[in-house]
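Below are the chains, spelled out letter by letter.
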Amino acid sequence: MPKKVSIGVVKSDKMSKTRVVEIPLMIKHPKYGKYLSSRTVCYVHDETNESGVGDTVEIVESQPRSKLKRWDLVRVIEKSTAVDVAALRAAQKRADSEAEE
């Protein structure tokens, strides 16, 4: 039986070698025909820790690695361009304090 392949967005990279990937879905209501947005959350094994929050990734189904982890990372399709504002402000504050000394 072929393995399932999906594309999703990394929502968390706080665990070592594990990523939480969200796969967005649009489901049509059977009676009313309205489209509803839904999501599936998958725990993905990332051996080299190459993906980060906001990255678009391709994942493939695998044998269970733990209680929740049942997917493997195939590749990073697109890296995130989001800027971590808190880290940027902290770095700027450190640079300003060093310049004053």
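The rules we used
- Residues numbered from 1 in each chain as written.
- Predicted model: local features only at pLDDT ≥ 70, side-chain atom pairs only at ≥ 80, totals over all residues.
- Heavy atoms only, no water.
- Pairing = 2+ DSSP bridges.
- Helix = DSSP H or I, 4+ residues; strand = E, 2+ residues; numbered from the N terminus.
- Axes fitted to C-alpha atoms, helices over the stretch in contact; angles between N-to-C directions.
- Buried < 20%, exposed > 50% of the residue type's maximum accessible area, 1.4 Å probe, protein only.
- Salt bridge = Lys/Arg side-chain N within 4 Å of Asp/Glu carboxyl O.
- Core = buried A, V, L, I, M, F, W, Y, C linked by side-chain atoms within 4.5 Å.
- Contact = heavy atoms within 4.5 Å.

**A few points about the sheet that holds strand S3 (residues 35-45)**
Next, step 1: Read around the closed barrel, five strands run S1-S2-S3-S5-S4, paired in mixed fashion. Between one strand and the next, the sheet's axes are offset by a mean angle of 50 degrees, whatever the strand orientation.
Next, step 2: Across 11 bridges, strand S2 (residues 18-28) lies against S3 in antiparallel orientation. From the neighbouring strand, valine 21 faces S3, where its bridge partner is cysteine 42.

**Points about unusual backbone geometry**
Leave glycine aside and you will find that most residues have negative phi; peptide bonds, for their part, are mostly trans.
Next, step 1: At lysine 17, a position not held by glycine, the phi torsion is positive, near 65 degrees.
Next, step 2: Of the residues examined, lysine 17 reaches a relative accessible area of 32% and is grouped as partly exposed.
Next, step 3: With a phi angle near 55 degrees, asparagine 49 is a residue other than glycine that sits in the positive phi range.
Next, step 4: With respect to the element layout, asparagine 49 can be found in the loop between S3 and strand S4 (56-61).

**Re the pairing of strand S1 (residues 5-15)**
Next, step 1: Where S1 lies against S4, five bridges are found, and the strand directions are antiparallel. Along S4, the bridge assignment pairs valine 9 with threonine 56.
Next, step 2: Here four bridges tie S1 to S2, and the two strands are oriented antiparallel to one another. For valine 9, the partnering residue across the bridge sits in S2 and is glutamate 22.
Next, step 3: Between S1 and the antiparallel strand that follows it, S2, lie two residues; lysine 17 among them carries a positive phi value of about 65 degrees.

**Considering the pattern of salt bridges**
Next, step 1: Scanning the entire structure with this criterion turns up six salt bridges.
Next, step 2: Ionic pairing is found between arginine 39 and glutamate 22, a salt bridge with its closest N-O pair at 3.1 Å. Placement of the pair is arginine 39 in strand S3 and glutamate 22 in strand S2, with a sequence separation of 17 residues.
Next, step 3: Between lysine 79 and aspartate 55 there is a salt bridge, with the nearest N and O atoms lying 3.3 Å from each other.

**What about the nonpolar core?**
Next, step 1: Membership of the largest hydrophobic core is limited to nine residues, which are Val10, Val21, Ile23, Cys42, Val44, Val57, Ile59, Trp71 and Leu73.
Next, step 2: Those elements that place two or more of their residues in this core are S2, S3, S4 and strand S5 (69-78).

**Comments concerning the environment of lysine 3**
Next, step 1: Mapping lysine 3 onto the fold places it in the segment before S1.
Next, step 2: Each C-alpha atom, one on lysine 3 and one on valine 60, is 6.6 Å from the other, the two residues being 57 residues apart in sequence.
Next, step 3: Lysine 3 has contacts with Val60 and Glu61, leaving out every residue within four places of it along the chain.

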